[in-house]
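Per-entry structural report
Spelled out, the chains give:
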Amino acid sequence: MSEASVSRKALLLCLLLSVVAKSQAFQQQVPSTATTRHVANPKCHTSTRVTFTASTCTSNHRLSMSSSSPTEPPSPPEFDFPNPLSVLAKSSPSDRSADLMVGEDAAVFDWDNETMEGLGERGWASFFAAVGAILTAIAVVWVYPPTGYADDFQAALEAAAGGNSHLVTLFYGIIFPLVHSGLASLRPYGEQAIGARAWRVVFAFPSLCLSYSWITYFIAHVHDGYQFYDISGIPWVHTAAWITNFASFLFLYPSVFNLKEVAAVEKPAVHLWETGVIRITRHPQFVGQAMWSVAHLAMVGTTFSLLTQALLVGHHAFACWNGDRRLLAEHGENFLKIKERTSIVPFQAIVEGRQKLPPDYYKELLRAPYAAIAVGSIGAYLAHPYMQAGAALVKNTGLVEGGIFN
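The paragraphs below set out a description of the structure included in this document. Treat the numbers as computed from the prediction; the structure is a model and nothing was measured. (Residues numbered from 1 in each chain as written. Predicted model: local features only at pLDDT ≥ 70, side-chain atom pairs only at ≥ 80, totals over all residues. Heavy atoms only, no water.)

Here we look at helix α15 (residues 384-397)
Between its first and last C-alpha, α15 extends 20 Å over 14 residues, near the 20 Å set by a 1.5 Å rise per residue. G398, located one to two residues past α15, shows a positive phi value of around 75°. (Helix = DSSP H or I, 4+ residues; strand = E, 2+ residues; numbered from the N terminus. Expected span 1.5 Å × (residues − 1).)

Structure, rendered in structure tokens:
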């Protein structure tokens, strides 16, 4: 064995002995992590057993100590993120310290308060039964040609218009507002005569029937008249229109969020909302309808589509005035206070400083009704081919004279 080899082995042995000696010295200086020590606790006037777990303090506070080696880095902090389902199941209140507190908190939902119950009660069983009954009645009395009268009504309009589809949609644009807004304006008198729930049925039935007829007629004739453009096949235009349409449904008026009131399971009321989308615009349905109409007109630019969209937006513009009038009659001074802090034009009151969004405004939007609207909007988009097929079927079927009552 060479002298160099012997020297290297001797050097390695010396280094090993040095490391062992230092390790033993460190263990003598630092007590074992399993060692129990007693320290004075002035708050409890007793000694506190400091281990990994416990304190003998009478207030039952526990001392938390890390079992890791002093040389190990501290563990990262743990964050408790809320469960998205729990956020939807129970609405979280926002900071309303700057609100007048004269209006209601919109779109509030608590799953713990919801029950199925039996028929005749105010649960979801009654809701589904009521919706099923009204849709069945509409299908029999209005939609299905052999028993319904939608085809007879439309044939009468086409005869009066001389077959001009533009005049037919104009007739729809006049008749629907008269029926829908007219019955809404007669609500105080109707509820006094037959009650709030019965009047809701009287109001909803003809409105739904006319909506069905106008929508199917629009789908079947949207390309009628002079066509300025048709850019529906351009991908980015389709995407932009889809996003605008999706957002438009989030501007539904908060009153429709209470589905039990819509179906007259709970007593309908004229609500004065103060939170949610109302902070952005006092008449969100008008804004939503304008967005929907612009998006559809951008896709298909025909004179028929232009006239129909103008009629729809015009009706909702009238509803802004009529809605304010009805809210003033119902809520008086409280409505005037809300009106002062809101605007019809989106974000106008916020820009002018009359409305201040709370720092946790998102809590007013992350609620179950908005999620339901989002799911429904996507479902409506996916159902477009079936809507188009249904409208074509109605157009091709034509008139089947008479109905269930004759």
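Brief notes about unusual backbone geometry
In this structure, E117 is a non-glycine residue whose phi angle is positive, near 55°. Examined against the element boundaries, E117 turns out to sit in the loop between α2 (84-89) and α3 (124-143). Phi is positive for A264, close to 65°, though the residue is something other than glycine. Mapped onto the elements of the fold, A264 is located in the loop between α9 (259-262) and α10 (284-299). The class for A264 is buried, based on a relative accessible area of 12%. (Buried < 20%, exposed > 50% of the residue type's maximum accessible area, 1.4 Å probe, protein only.)

Notes on the pattern of salt bridges
For the structure shown, the criterion picks out 10 salt bridges. A salt bridge links D99 to R279, with the nearest nitrogen and oxygen atoms 2.7 Å apart. Taken together, the residues span a long stretch of sequence, with D99 in the loop between α2 and α3 and R279 in the loop between α9 and α10 at a distance of 180 residues. Across the pair, R279 and D99 agree in class, each one buried. Among the salt bridges present, the one from E114 reaches K260, with a minimum N-O distance of 2.9 Å. Of the two residues, E114 is situated in the loop between α2 and α3 and K260 in helix α9; the sequence distance between them amounts to 146 residues. With a relative accessible area of 22%, E114 lands in the partly exposed category. (Salt bridge = Lys/Arg side-chain N within 4 Å of Asp/Glu carboxyl O.)

A word on the nonpolar core
Counting 18 residues, the largest nonpolar core has V168, Y172, W214, Y217 and M299 as the members making the most contacts within it. Within the residue set of this core, elements represented by two or more residues are α5 (165-185), α7 (196-221), α8 (235-249), α10 and α11 (303-331). When residues of this core are assigned to their parent elements, the largest contribution, 4 residues, is made by α7. Contacts of M299, omitting those with residues within four sequence positions, involve D230, I231, S232, V237, H238 and A241. (Core = buried A, V, L, I, M, F, W, Y, C linked by side-chain atoms within 4.5 Å. Contact = heavy atoms within 4.5 Å.)

A closer look at the environment of H271
In this structure, H271 sits in the loop between α9 and α10. Residues H271 and A106, spaced 165 residues apart in sequence, show a C-alpha to C-alpha distance of 9.4 Å. Dropping the residues within four chain positions of it, H271 is found in contact with E104, Y253, S255, E261, L327 and H331. Engagement of the side chain of H271 in a polar contact is seen with the side chain of E104, the distance being 2.6 Å. (Polar contact = N/O pair within 3.5 Å; in protein donor to acceptor, adjacent residues only side chain to side chain.)

Quick notes on the packing of aromatic side chains
Throughout the structure, instances matching the rule amount to 18 aromatic pairs. Considering the side-chain rings of W242 and Y381, the 5.8 Å spacing of their centres and the 85° angle between planes classify their relative orientation as edge-to-face. A residue pair is termed long-range when its members are at least 10 positions apart, and W242 in helix α8 and Y381 in helix α14 (residues 368-382) qualify at 139 residues. Overall, Y381 belongs to the partly exposed group, its relative accessible area being 33%. Between the aromatic rings of F257 and Y370, the centroid separation amounts to 5.0 Å while the plane-to-plane angle is 70°, which identifies the pairing as edge-to-face. Of this pair, F257 sits in the loop between α8 and α9 while Y370 is found in helix α14, placing the two residues 113 residues apart along the sequence. Pair check on accessibility: F257 and Y370 agree, each one buried. Aromatic rings pair up to connect W142, F153, Y172, F176, W214, Y217, F218, W292 and F304 into one cluster. (Phe/Tyr/Trp six-rings, centres within 6.5 Å; stacked < 30°, edge-to-face > 60°.)

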